[in-house]
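# Reading the structure
In case you want the letters, here they are:
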Amino acid sequence: MANEAAPCPCDIGDKMDYGGRGKEVQIEHINAYLTKPSVKTEKAVIVIQDIFGWRLPNTRYMTDMLAQNGYIEADVVLKYLKEQCNVTKIAVIGFCWGGVATHHLILHYPELKAGVSVYGIIRDSEHRYNLHSPTLFIFGENDSVIPLDQVTTLQKKLQESCSVDFNVKIFPGQTHGFVHRKREDVNPKDKPFIEEARTDLINWLKKYV
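This one's a predicted model, so the numbers in the text were calculated from it and none came from an experiment.

Cut-offs and rules
- Residues numbered from 1 in each chain as written.
- Predicted model: local features only at pLDDT ≥ 70, side-chain atom pairs only at ≥ 80, totals over all residues.
- Heavy atoms only, no water.
- Helix = DSSP H or I, 4+ residues; strand = E, 2+ residues; numbered from the N terminus.
- Buried < 20%, exposed > 50% of the residue type's maximum accessible area, 1.4 Å probe, protein only.
- Contact = heavy atoms within 4.5 Å.
- Areas by Shrake-Rupley, 256 points an atom, 1.4 Å probe, with all protein chains shown as cover.
- Phe/Tyr/Trp six-rings, centres within 6.5 Å; stacked < 30°, edge-to-face > 60°.
- Polar contact = N/O pair within 3.5 Å; in protein donor to acceptor, adjacent residues only side chain to side chain.
- Pairing = 2+ DSSP bridges.
- Right-handed = clockwise from strand over helix to strand, strands pointing away.

## Quick word on the overall build of the chain
The number of helices and strands found in the chain is five helices and eight strands. Of the regular secondary structure in the chain, the N- to C-terminal order runs β-β-β-α-β-α-β-α-β-β-α-β-α. By the burial criterion, 54% of the 209 residues in the chain qualify as buried. Residue pairs in contact within the chain that sit at least 24 positions apart in sequence constitute 70% of those at least 6 positions apart. Per element, the accessible surface of the chain, about 9,900 Å² overall, is 48% carbon and sulfur.

Put into structure tokens, the structure is as follows:
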């Protein structure tokens, strides 16, 4: 299990001054943020936020970044995307707590085409490694909540049990939250790793969705 004695570090980093390009929507009992690309697409990505919720500007920034690459994103249910957005290819990406949720969804929803778990806390269980869809796992080398030995164990057990494509990638010197909680303009030393991780997750989605 993760180092749960330590408090969740999701409050580190920078809060972006960002309003968003999408809109807030009400889906039955769920409030969500929906953004669409400028051209029609049959692809969508469900974005699952960290513990600070879907209204966090950083989460909206990442959602809009994905939309600019040709996807519809929202932290909403598959049914809404299929019926209201007319998409047929859906992936999921999550940050921190959302990374755990992403891992869970990839284990239980074969219709998802791909997943990206970004520093999702690792839950060790014999049922956690038989992924249904290609999944990218992103971690920071200096994450105080997710020790590297757990990341190594995750990779080893996936190699033993997983029949679909996966990649476990560790970014040198990076902490929890670096992909969506650090602004590259005020963290010049981290900028190459922030940009590389964001490029990796977009390329993963382009490859499988």
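That was the structure; now back to the text.
## Quick word on the environment of Gln155
By the element assignment, Gln155 lies in helix H4 (residues 148–161). Of the residues examined, Gln155 reaches a relative accessible area of 30% and is grouped as partly exposed. Placed 26 residues apart in sequence, Gln155 and Tyr129 show a C-alpha to C-alpha distance of 9.3 Å.

## Looking at the packing of aromatic side chains
Overall, the coordinates contain three aromatic pairs when judged by the stated rule. Taking the centre distance of 6.0 Å and the plane angle of 55° together, the rings of Tyr119 and Phe178 count as tilted. Separated by 59 residues along the polypeptide, Tyr119 in the loop between strand S6 (112–118) and strand S7 (135–140) and Phe178 in the loop between strand S8 (166–171) and helix H5 (191–208) bring together distant segments of the chain. Taking the relative accessible area as the measure of exposure, Tyr119 reaches 0% and is therefore buried. Residue Phe178 is classed as buried on the basis of its relative accessible area of 0%. Consider the rings of Phe171 and Phe178, whose centres lie 5.3 Å apart with planes at 50°: the pair is tilted. Accessibility classification places Phe171 together with Phe178 in one group, the buried group.

## Quick word on the side chain of Asp143
Turning to its location among the elements, Asp143 is positioned in the loop between S7 and H4. Judged by relative accessible area, Asp143 falls into the buried class, the value being 6%. Separated by 3.2 Å, the side chain of Asp143 and the backbone nitrogen of Ile146 make a polar contact. If we skip the residues at most four places from it in the chain, Asp143 touches Tyr119, Gln174, Thr175 and His176.

## Quick look at the pairing of strand S5 (residues 89–95)
Extensive coverage of S5 is indicated by the burial of six of its seven residues. Note that strand S3 (residues 43–48) and S5 share six bridges and pair parallel. Pairing of Ile48 across the sheet is with Gly94, part of S5. Direction of pairing for S5 relative to S6: parallel, over a ladder of six bridges. Pairing of Gly94 across the sheet is with Ser117, part of S6. Taken together, S5, helix H3 (residues 97–108) and S6 constitute a β-α-β crossover, and its handedness is right-handed.

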